[in-house]
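# Structural overview for review
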Amino acid sequence: GGEFDWYWEIDMPAMWATLDMPPVRMDVDGWLGYAAELKADGEAIQESLGFNVKSQPQVQAALRSTGLRLRGDASCDVNALTVWLQEARQMGNKKRVALVEQIMRARHCRDAYSKYGAKWVAENVEDGEWVYPNWKVTGAETGRMACSDPNMMNIPKRGEGSVYRSFFIASPGNVLLVADVQQQEPRFSAYLSKDETLRQEIMDGIDLHQVHADMFGTDRPTGKQINLSLNYLISAYSLALQTGMPVEEIEEGIRQRRMHYPMYYSWMDRQQRFAEKNSYVTTVTGRRVWTNPYNFQAIRNAVNGPIQGSSADQTKLALRYVWEQCQIESLPFAVILVVHDEMVLDVPRKLAARYKKIVNDAFQETGKKLMPTIPTVIDFRTGSTWMAKDE
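Every value quoted in this text rests on a predicted model; they were computed, and no experiment measured them.

## Considerations on the environment of Y265
Tracing the backbone through its elements, the reader meets Y265 in helix α13 (residues 262–278). Y265 sits 70 residues away from D195 along the chain, and the two C-alpha atoms are 8.8 Å apart. Among residues more than four places away in sequence, those in contact with Y265 are I254, R257 and R258. Of note is the side chain of Y265, whose polar atom sits 2.8 Å from the side chain of R257.

## A look at the nonpolar core
One recurring pattern in soluble globular proteins is that nonpolar side chains are buried together. Among the nonpolar cores identified, the biggest contains 92 residues, and W120, M152, F168, M343 and W386 are the most heavily contacted of them. The leading source of residues in this core is helix α14 (residues 298–328), at nine residues. The residues touching F168, leaving out its near neighbours within four places in the chain, are V24, R25, M26, W31, W120, V131, M152, I155, L176, S384, T385 and W386.

## Concerning the packing of helix α4 (residues 78–91) against helix α5 (residues 94–116)
In contact at an axis separation of 9 Å, α4 and α5 are set at 150° when each is read in the N-to-C sense. The orientation of α4 relative to α5 falls into the category roughly antiparallel. The crossing of α4 and α5 is left-handed. Listed contacts from α5 to V78, L81, T82, L85, A88, R89 and M91 of α4 are R96, V97, V100, E101, I103, M104 and R107. Here the residues of the contact of α4 with α5 are counted per class, giving nine nonpolar, one polar and four charged.

## Some points on the sheet that holds strand β3 (residues 130–131)
Taken together, the four strands give an open sheet; going across it, the order is β2-β3-β1-β6, and neighbouring strands pair in antiparallel fashion. Of all strands in the sheet, those bounded by a partner on one side alone are β2 (125–126) and β6 (168–169). Here two bridges tie β2 to β3, and the two strands are oriented antiparallel to one another. The residue of β3 that forms the bridge with E126 is W130.

## Observations regarding the packing of aromatic side chains
Inspection of the entire model under this criterion finds 15 aromatic pairs. Measuring from ring centre to ring centre gives 5.0 Å for Y7 and W8, while their planes differ by 85°; the resulting arrangement is edge-to-face. Where W120 meets F168, the ring centres are 6.1 Å apart and the plane angle is 70°; that geometry is what we call edge-to-face. Residue W120 is located in helix α6 (residues 118–124), and its partner F168 is located in strand β6; the two are separated by 48 residues in the primary sequence. No difference in accessibility class separates W120 from F168, as the two residues are buried.

## What to know about helix α8 (residues 196–203)
All of the buried residues along α8 are L198, E201 and I202. All buried residues of α8 lie within an arc of 95° about the axis, which places them on one face of the element. Looking at the buried side of α8, the elements it contacts are α7 (184–193), α9 (208–216) and α12 (247–260). Once α8 finishes, G205 follows within two positions and takes phi at roughly 70°, a positive value.

## Here's the deal with the sheet that holds strand β7 (residues 174–181)
An order of β10-β11-β7-β12 is seen for the four strands of this open sheet, with the pairing classed as antiparallel. The open sheet terminates on both sides in strands that have one partner only, identified here as β10 (335–339) and β12 (378–383). If you compare each strand with its neighbour and ignore which way they point, the axes differ by 20° on average. In terms of strand pairing, β7 meets strand β11 (residues 342–348) through seven bridges, oriented antiparallel. Of the residues in β11, the one forming a bridge with V175 is V347.

## Remarks on the pairing of β7
Buried residues dominate β7, accounting for eight of its eight residues. With burial as the criterion, each face of β7 is covered, one bearing N174, L176, V178 and D180 and the other bearing V175, L177, A179 and V181. Judged from the six bridges that link them, β7 and β12 form a sheet pairing that is antiparallel. Across the sheet, A179 pairs through a bridge with F380, a residue of β12.

## Some points on unusual backbone geometry
Here the bond from D149 into P150 is cis, since omega is 0°, no more than 30 degrees from zero. Relative to the helices and strands, P150 resides in the loop between β5 (146–148) and β6. One non-glycine residue, S279, adopts positive backbone phi at about 65°. One can find S279 in the loop between α13 and β8 (280–282).

## Some points on helix α1 (residues 6–19)
For an α-helix, 3.6 residues make a turn, and residues three or four places apart therefore share a direction. With 14 residues, α1 extends 19 Å between its outermost C-alpha atoms, agreeing within 8% with the 20 Å of an ideal straight helix rising 1.5 Å per residue. Of the positions making up α1, those classed as buried are I10, D11, P13, A14, A17 and T18.

## Quick look at the environment of R349
Structurally, R349 is set in the loop between β11 and α15 (352–370). Taking the relative accessible area as the measure of exposure, R349 reaches 51% and is therefore exposed. Between the alpha carbons of R349 and A170 there is a distance of 9.9 Å; along the sequence they are 179 residues apart.

## Section: the pattern of salt bridges
Overall, the coordinates contain 21 salt bridges when judged by the stated rule. The shortest N-O distance in the salt bridge between D11 and K316 comes to 3.0 Å. With a gap of 305 residues between them, D11 in helix α1 and K316 in helix α14 connect regions that are remote in the sequence. The pair D11 / K316 is uniform in exposure class, with both members buried. For E324, the salt bridge goes to R320, with nearest N and O atoms at 2.8 Å.

Rules and cut-offs
- Residues numbered from 1 in each chain as written.
- Predicted model: local features only at pLDDT ≥ 70, side-chain atom pairs only at ≥ 80, totals over all residues.
- Heavy atoms only, no water.
- Helix = DSSP H or I, 4+ residues; strand = E, 2+ residues; numbered from the N terminus.
- Contact = heavy atoms within 4.5 Å.
- Polar contact = N/O pair within 3.5 Å; in protein donor to acceptor, adjacent residues only side chain to side chain.
- Core = buried A, V, L, I, M, F, W, Y, C linked by side-chain atoms within 4.5 Å.
- Buried < 20%, exposed > 50% of the residue type's maximum accessible area, 1.4 Å probe, protein only.
- Axes fitted to C-alpha atoms, helices over the stretch in contact; angles between N-to-C directions.
- Parallel < 35°, antiparallel > 145°, perpendicular 65-115°, else oblique.
- Left-handed = near helix turned anticlockwise from the far one by under 90°.
- Nonpolar A, V, L, I, M, F, W, Y, C, P; charged D, E, K, R; others polar.
- Pairing = 2+ DSSP bridges.
- Phe/Tyr/Trp six-rings, centres within 6.5 Å; stacked < 30°, edge-to-face > 60°.
- Arc of directions from axis to C-beta.
- Expected span 1.5 Å × (residues − 1).
- Salt bridge = Lys/Arg side-chain N within 4 Å of Asp/Glu carboxyl O.

Shown next, in the form of C-alpha cells:
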C-alpha cells in the first residue's frame, strides 16, 4: 500500500476496539408502542381501501379504476407508484393521488412493522433493554465497517424512519454523545481529485447541495439528491426518473457540472481507466478496492471505491485513536455505534466534554494524516437519545 500499512495500523486495532464496544441501551416500551401504532394505521388504511395493498393484481385493479392504463404485468413497486403519483399530481387527478398515497402509506406501515416490530425486539434485545450488535471491521468491499444481528447501520437517519433512533437511549446517569463528520465523502472527493473549485467551496463552507440546486434549477432537497447520485455516476435517464425532471434539463446540468468541476471529472475518468486495466483502485492509505469487470457496477465502483474506502479508513483510524486515548486516560471505552461518518458514545454527563475532546482530536489527527490539504470538521450533539438535539 501507500505509506500506511492499513491492515496493522487501521483494521487490526479497529478490530480490538470493536471487541470492547459496550452494548446499546433501548427503550423497548417506546419502540413497541410506536410499532403498534404503525400496525393499526396500516390495517385501518387497508380496511378503508377494501383490498390488500400487497397484492399486485388488486393494486392494479384499483389503479385502473382511476383511468390508469396498465400492461397486464406492470409492476406496482415503490418506483412505479412514485412515478404515477408525480404524474397524477401534474394532471390534477385527485382521486389517483389520494389512492396512490394511501397505498404507499399502508405499505410503509406494514413493512415498517414487519421489519421493526415486536419481532425485532424478540430477536435482538437481551436482559430487557440491551442490544449487542455484531460489528465487522471490513464488511464491505470498499473497506467500510458492517454490522449484523441487528444491523444498527440500517436504522434510518432521515425522514419518518428516523424516529427509531429516539428509542436508543443513554445508560442511567449518562448522555449520548453523537459525533458527525461534516461532508466526509465530498472532502475526500476534493482531496483525491485535487479539484480546486470543490476544495475552495468546502473550505469556504459553501453548501454543495445548494450549488447543485442552483446549477440544475431546482430546490435544495433535489439538489442534494442530484449531487449524491452523480457522485455515484448515475445516468441522466435514471436521475430524471428519480427527480421527475426532464432528461434534457438533467443533461444540461451535467454539462455545467463538468465545466464547474473539471479536475474532479478528469480524476473520475482516470479512475475508470485504471480500474479497467488493473481491476482495482486504491484508497488514500493504499488499500485496494477490487472492481469486478463483469459486474455492471464496475465503473461506478472505480470512482466510489476510493472515496467511500478513504472515508472508512478515516473513521476506523479515528476509532482506534479514541480506543487508545481512553486507555491512556484510564476512561472506559464508550463508543457504542459506528455508522460510516458518525460515532456515538454513551458517556457519564460530567465526562462528556472530556470524551468530546478525545473524539475531536482523533478525527483531526486522522484528517491531517489522510487528507492533509482539507480540514476535517466534526458536528457534536449530546442528548438522552440517538436523536440527540443538544440537551
